[in-house]
Structures are given as C-alpha cells and as structure tokens.
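Summary of the model geometry
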Amino acid sequence: AAITADMLATDVADYLVAKGVPFRQAHDILGRAVRLAQTQNKSLSELTMDELRELHPAFEPDVVDVFDPRHSGARRSAIGGTAPQAVATQLEAARRALGQRLPRHDADQKST
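Described in the following lines is the structure provided in the data block.

Cut-offs applied
- Residues numbered from 1 in each chain as written.
- Predicted model: local features only at pLDDT ≥ 70, side-chain atom pairs only at ≥ 80, totals over all residues.
- Heavy atoms only, no water.
- Salt bridge = Lys/Arg side-chain N within 4 Å of Asp/Glu carboxyl O.
- Helix = DSSP H or I, 4+ residues; strand = E, 2+ residues; numbered from the N terminus.
- Buried < 20%, exposed > 50% of the residue type's maximum accessible area, 1.4 Å probe, protein only.
- Expected span 1.5 Å × (residues − 1).
- Arc of directions from axis to C-beta.
- Contact = heavy atoms within 4.5 Å.
- 1 Å grid on protein atoms, 1.4 Å probe; cavity = no way out; pocket = protein on both sides within 12 Å on 5 of 7 lines; lining within 4 Å.
- Points joined across faces, edges and corners; volume = space filled by probe spheres on them.
- Nonpolar A, V, L, I, M, F, W, Y, C, P; charged D, E, K, R; others polar.

1. Comments concerning the pattern of salt bridges
- Counted by the stated rule, this structure contains four salt bridges.
- Residue E60 is joined to K19 by a salt bridge in which the shortest nitrogen-to-oxygen separation is 3.1 Å. Here the residue E60 occupies a position in the loop between α3 (49-55) and α4 (69-75), and K19 occupies one in the loop between α1 (9-18) and α2 (23-39), the gap between them amounting to 41 residues.
- We classify K19 as partly exposed; its relative accessible area is 33%.
- Here D28 and R32 are joined by a salt bridge, their closest N and O atoms 3.3 Å apart. A residue pair is termed a helical-turn pair when its members lie 3 or 4 positions apart in one helix, as D28 and R32 do in helix α2 at four residues.
- Of the residues examined, D28 reaches a relative accessible area of 40% and is grouped as partly exposed.
- The class of R32 is partly exposed, set by a relative accessible area of 31%.
- Salt bridges sharing partners connect three or more residues here, namely K19, E60 and D62.

Structure below.
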C-alpha cells in the first residue's frame, strides 16, 4: 500500500525497452512523461493513453500493468531480486548460512 505509481517509473522505461525502444530513448521518454505528469499535478499512472502515445507510439493499453507493484516485484527474479521465488531462495540460503532455521513468515510460506 505504501508503493506509489511514481515509484515504478523505471518499470515504464523497461516496458518501452521490451517494446523495442532503445534504452537511451526510453529513458528520455520517461523523463518527459514524469515532467508532463508533474505539470498536470497528477501521478505518472494517471496520464491518459493519448498523452502517452504523444510521447511515443510504443505505448499500448497494457502499460497499466506496469503500475501494479506485485507485477513489478515479480519481474525481478534474478539472484537478489524481489520476485517471491527469488526471496524464498535468498531466505533458504540465509538459513543454511546460519546453520539454523529462521522463523518462517506467512509471506515466505506462500511463495514456496
């Protein structure tokens, strides 16, 4: 609940890159989107599809998925990432390193 859409701005750049936009250009587009949202006193996620498409035609309706914090966290499955399976793996490694079982948290149990 504490995560705001603006905290996921990097995900917008990642989204554009996944759509074939070079990273440098995606970063520039993101900066323009952030400025546009600020001038309109609204969140990045509140920009309309028309406003986003004026910035770049790669924006499609699926961009709304970018602003789901669960989706954002789940995408980061690399070692040290925030995806549930990555976190579970890190917790198990910590338990082994400590030579004991750390108490399990409800979220930990759900992700394994």
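Still to come is the rest of the account.
2. Concerning α2
- Helix length check: α2, at 17 residues, gives a terminal C-alpha distance of 24 Å against a target of 24 Å (1.5 Å per residue), a fit within 8%.
- A26, I29, L30, A33 and A37 are the residues of α2 that are buried. The buried residues of α2 occupy one face: seen down the axis, they fall within an arc of 105°. Summarising the geometry of α2, the exposed residues directed more than 90 degrees from the buried face are R24, Q38 and T39.
- As for α2, its buried residues are in contact with α1 and α3.
- Positioned one or two residues after α2, N41 has a phi angle of 55°, which is positive.

3. Overview of empty space enclosed by the protein
- What the rule picks out here adds up to one cavity of 30 Å³ or more.
- In this structure, the largest cavity spans a volume of roughly 30 Å³.
- Contributing to the lining of the largest cavity are V12, A33, L44, L52, F59, V63 and F67.
- Among the residues making up the lining of the largest cavity, the classes are represented as seven nonpolar, no polar and no charged.

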